Amino acid sequence: MIISKKYCWACKKLLNFDEFKEVNQVFDEIKLKKLWNHPSLQFYCCGCYTKLVRRDVKRILLDQNEYEQALKSNFNPTVWRRLAIIYYDKGDYKRAEEAYNRVLELDPTDLNSAKNLRCLYQKLRKSKISSKING
Ligand SMILES: [Zn+2]
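Residues numbered from 1 in each chain as written. Predicted model: local features only at pLDDT ≥ 70, side-chain atom pairs only at ≥ 80, totals over all residues. Heavy atoms only, no water.

Moving on, we come to the side chain of Ser113. Relative to the helices and strands, Ser113 is located in helix H7 (residues 111-134). In this structure the side chain of Ser113 is engaged in a polar contact, spanning 2.6 Å, whose partner is the side chain of Asp110. Residues contacting Ser113, with those up to four places away along its chain left out, are Arg81, Tyr100, Val103 and Leu104. (Helix = DSSP H or I, 4+ residues; strand = E, 2+ residues; numbered from the N terminus. Polar contact = N/O pair within 3.5 Å; in protein donor to acceptor, adjacent residues only side chain to side chain. Contact = heavy atoms within 4.5 Å.)

So, about the domain arrangement of the protein chain. The accessible area lost on association of the parts is a frequent measure of interface size. You can read the domains of the protein chain as domain 1 (1-44) and domain 2 (48-134). Between the C-alpha centres of domain 1 and domain 2 there is a distance of 28 Å. Each side of the interface is counted separately: domain 1 has five residues, and domain 2 has four residues. Taken over both partners, the interface formed by domain 1 and domain 2 buries close to 320 Å², and the fraction arising from carbon and sulfur atoms is 87%. Linking domain 1 with domain 2 are zero salt bridges. In this assembly, domain 1 and domain 2 are joined by zero residue pairs in polar contact (both at pLDDT 80 or more). The class makeup of the residues in the side of domain 1 that touches domain 2 is five nonpolar, no polar and no charged. (Domains from an automatic or database assignment. Buried area = accessible area lost by both parts, 1.4 Å probe. Salt bridge = Lys/Arg side-chain N within 4 Å of Asp/Glu carboxyl O. Nonpolar A, V, L, I, M, F, W, Y, C, P; charged D, E, K, R; others polar.)

Ideal donor angles around a metal are set by the shape: a four-donor tetrahedron calls for 109.5 degrees, a six-donor octahedron for 90 or 180 degrees. At the metal site, the zinc ion is ligated by Cys8 (SG), Cys11 (SG), Cys45 (SG) and Cys48 (SG), and these contacts range over 2.3 Å. Classification of the site at the zinc ion as tetrahedral follows from its four donor atoms and the range of 105 to 115° in their angles at the metal. As a motif over one chain, the donors of the zinc ion read C-x2-C-x33-C-x2-C. Of this pair, Cys8 sits in the segment before helix H1 (17-23) while Cys48 sits in helix H3 (residues 46-62), placing them 40 residues apart in sequence. In this structure, Cys8 and Cys48 share a single accessibility class: buried. (Donors = N, O, S within 2.8 Å, 3.2 Å for Na, K, Ca; no water. Tetrahedral: all angles 85-135°; square planar, octahedral: opposite > 155°, others 65-115°. Buried < 20%, exposed > 50% of the residue type's maximum accessible area, 1.4 Å probe, protein only.)

Printed below as a string of structure tokens:
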């Protein structure tokens, strides 16, 4: 199969198929080549993609309405993975749980997030028990 030339949708940098393969290891090569050669699919280079994720994460963190909106309209598992970690660090476990569930909905192969969610549940269970003892 011929590999067509692809350019970053944002900065127009020439993209490299091997790089694309490396960051999308969940898919096999045949599937990746199909995606890559699809005439109407656009991709970002790693730099632009990272910027995009940061921008979304920041927007969602700053604004309650954005958060509610994103739950319905943001389908990027990378964004939710970051949010889950940030909410967890802030001690906002309800949102961390929501974000991890969202990641797993969008990317069921993400074993690391599944593990983190399990740890979160354990933590929540423990804190419930200790608050019963103390209160
Ligand atoms: Zn770019």
